[in-house]
Amino acid sequence: MTGTDASPDQAPRRPLVALLTGAGISTDSGIPDYRGPNGLWRRDPEAEKLVTYDAYMGDPEIRRRSWRMRQESPAFRARPNAGHEAVARLERSGTPVRVITQNVDGLHQLAGVPARKVLELHGTVRAVVCTGCEARSSMAEALDRVAAGEPDPACLACGGILKSATVMFGQHLDPQVLGTALSVAKAAEVFLAVGSTLQVQPAASLAAVAADHGARLIIVNAEPTPYDDRADEVVREPIGTALPRLLEGLAAGR
């Protein structure tokens, strides 16, 4: 037996599987796709102001409207769907998995993927942060204050303006989170882009980074993306059926 042969009782090394997930993976959970052909930003451009940093910081009425929008957000009623559950099953199978998500809904974690294995590029809607002192607290607590009659609740620590712990338009991604995502993309042997238009940078470029470093690139999306010509496989089937099948195959070593 050569020095490179595995012993009979040694399990073969499993490849690192990375998933970049976008809004499309959460639509089956009742959360709308904001950028798709029928997305909110296309249907109601004014709604974009509610999540634009300068508008939010400069206009108390925008903030009040934003808090009302958060009260009505489907993200807090949503439950993980077949796509999220398939990712969680892959992780439980022992396959090394990292999720890089453009979503802020927290559904990967609710499905059972450990939080340490989920990189939230655009933050989370489940927490709030003070724009002054950077204190963080739960969104549920802030929404309780809104329901109790505070239309624009201020930070309890310093009186500053509170916002959801998401990256608004006009803000930069957290450099540490983005740096870790780049490292994952470079290390992945299989990289799946799921439910993302792959149009929002720098997140979209992670697909190219993975391909450039030798990953097998699989794109699962209903519409064409700018990276389809780089992919080893492009899947147009619904995510809820296509992703479980793909991930079961990866778990089985196919």
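In what follows, the accompanying structure is described. (Residues numbered from 1 in each chain as written. Predicted model: local features only at pLDDT ≥ 70, side-chain atom pairs only at ≥ 80, totals over all residues. Heavy atoms only, no water.)

### Examining the packing of helix α4 (residues 82-92) against helix α9 (residues 239-251)
Put simply, the rule reads: In this analysis, axes come from line fits to C-alpha atoms, helices being fitted only over the stretch in contact, and the angle between any two N-to-C directions falls in the range 0 to 180 degrees. A run of H or I in DSSP becomes a helix once it reaches four residues, and a run of E becomes a strand once it reaches two; helices and strands are each numbered from the N terminus. Orientation labels follow simple angle bins: below 35 degrees gives roughly parallel, above 145 gives roughly antiparallel, 65 to 115 gives roughly perpendicular, and whatever is left gives oblique. Residues count as neighbours in contact if any of their non-hydrogen atoms are within 4.5 Å of one another. The classification used treats Ala, Val, Leu, Ile, Met, Phe, Trp, Tyr, Cys and Pro as nonpolar, Asp, Glu, Lys and Arg as charged, and all other residues, Gly among them, as polar.
Between α4 and α9, the least distance of the axes is 8 Å, while the angle of their chain directions is 10 degrees. Considering the angle they form, α4 stands roughly parallel to α9. Side by side, α4 and α9 meet where Ala-82, Gly-83, Ala-86, Val-87, Arg-89 and Leu-90 of the first sit next to Gly-240, Leu-243, Pro-244, Leu-247, Glu-248, Leu-250 and Ala-251 of the second. In the contact of α4 with α9, the residues fall into nine nonpolar, two polar and two charged.

### Comments concerning the layout of surface pockets
Rules: As defined here, a cavity is a set of points on a 1 Å grid over the protein atoms alone where a 1.4 Å probe fits but cannot get out. A pocket is an open set with protein on both sides within 12 Å along at least five of seven lines, and residues line them when an atom is within 4 Å of a point. Grid points are joined across faces, edges and corners, and a volume is the space filled by probe spheres set on the points.
The space that makes up the second largest pocket amounts to roughly 460 Å³. Along the wall of the second largest pocket there are 21 residues; nearest its centre are Val-129, Arg-136, Ala-165, Thr-166 and Val-167. At the level of elements, β4 (123-130), β6 (162-166) and α7 (175-187) are the ones that each hand at least two residues to the lining of the second largest pocket. Tallied by class, the residues present in the lining of the second largest pocket amount to nine nonpolar, seven polar and five charged.

### Notes on the pattern of salt bridges
To keep it simple, the criterion reads: Here a salt bridge means any side-chain nitrogen of Lys or Arg lying within 4 Å of a carboxyl oxygen belonging to Asp or Glu. Exposure is judged per residue with a 1.4 Å probe applied to protein chains only, and the accessible area is read against the type maximum: over 50% gives exposed, under 20% gives buried, and values in between give partly exposed.
Under the criterion given, the structure shown has nine salt bridges. Put simply, Asp-152 and Arg-63 hold a salt bridge, and the shortest N to O gap is 2.8 Å. A residue pair is termed long-range when its members are at least 10 positions apart, and Asp-152 in the loop between α6 (139-147) and β6 and Arg-63 in helix α3 (residues 60-71) qualify at 89 residues. A salt bridge links Arg-230 to Asp-212; the shortest N-O distance between them is 2.6 Å. In this pair, Arg-230 sits in the loop between β8 (216-220) and β9 (233-235) while Asp-212 sits in helix α8 (residues 205-212), placing the two residues 18 residues apart along the sequence. On the basis of relative accessibility, which here comes to 55%, the residue Asp-212 falls in the exposed class.

### As for the sheet that holds β4
For clarity, the threshold we go by: At least two DSSP bridges between two strands are required for those strands to pair.
Here three strands make up an open sheet; going across it, the order is β5-β4-β6 and the pairing antiparallel. In this open sheet, the two strands that pair with only one neighbour each are β5 (136-138) and β6. Here the average twist between neighbouring strands, direction ignored, is 45 degrees. Pairing of β4 with β6 involves five bridges; the strand directions are antiparallel. Pairing of Gly-123 across the sheet is with Thr-166, part of β6. On the sheet, α6 packs against β4, β5 and β6 and is oriented at approximately 70 degrees with respect to β5.

### Re the environment of Ala-207
Its location among the elements puts Ala-207 in helix α8. Here Ala-207 falls in the buried class, since its relative accessible area comes to 0%. Separated by 14 residues in sequence, Ala-207 and Ala-193 place their C-alpha atoms 7.0 Å apart. Setting aside anything within four residues of it in sequence, one finds Ala-207 in contact with Phe-191, Leu-198, Leu-217 and Tyr-227.

### Points about the environment of Ile-31
Positionally, Ile-31 belongs in the loop between β1 (17-21) and α1 (40-43). Along the chain, Ile-31 and Phe-76 lie 45 residues apart, while their C-alpha atoms are 9.7 Å from each other. Leave out the neighbours within four places in its chain, and Ile-31 touches Ser-26, Pro-74, Ala-75, Ala-78, Asp-105 and Leu-107.

### Topic: the sheet that holds strand β7 (residues 190-194)
Reading across the sheet, the six strands line up as β3-β2-β1-β7-β8-β9 and stay open at both edges, with parallel pairing between neighbours. Looking at which strands have only one partner, the edges of the open sheet turn out to be β3 (118-120) and β9. On average, each strand axis in the sheet is inclined to that of its neighbour by 15 degrees, with strand direction left out of account. Pairing between β1 and strand β2 (residues 97-101): five bridges, direction parallel. In the sheet register, Thr-21 faces β2, and the bridge partner there is Thr-101.

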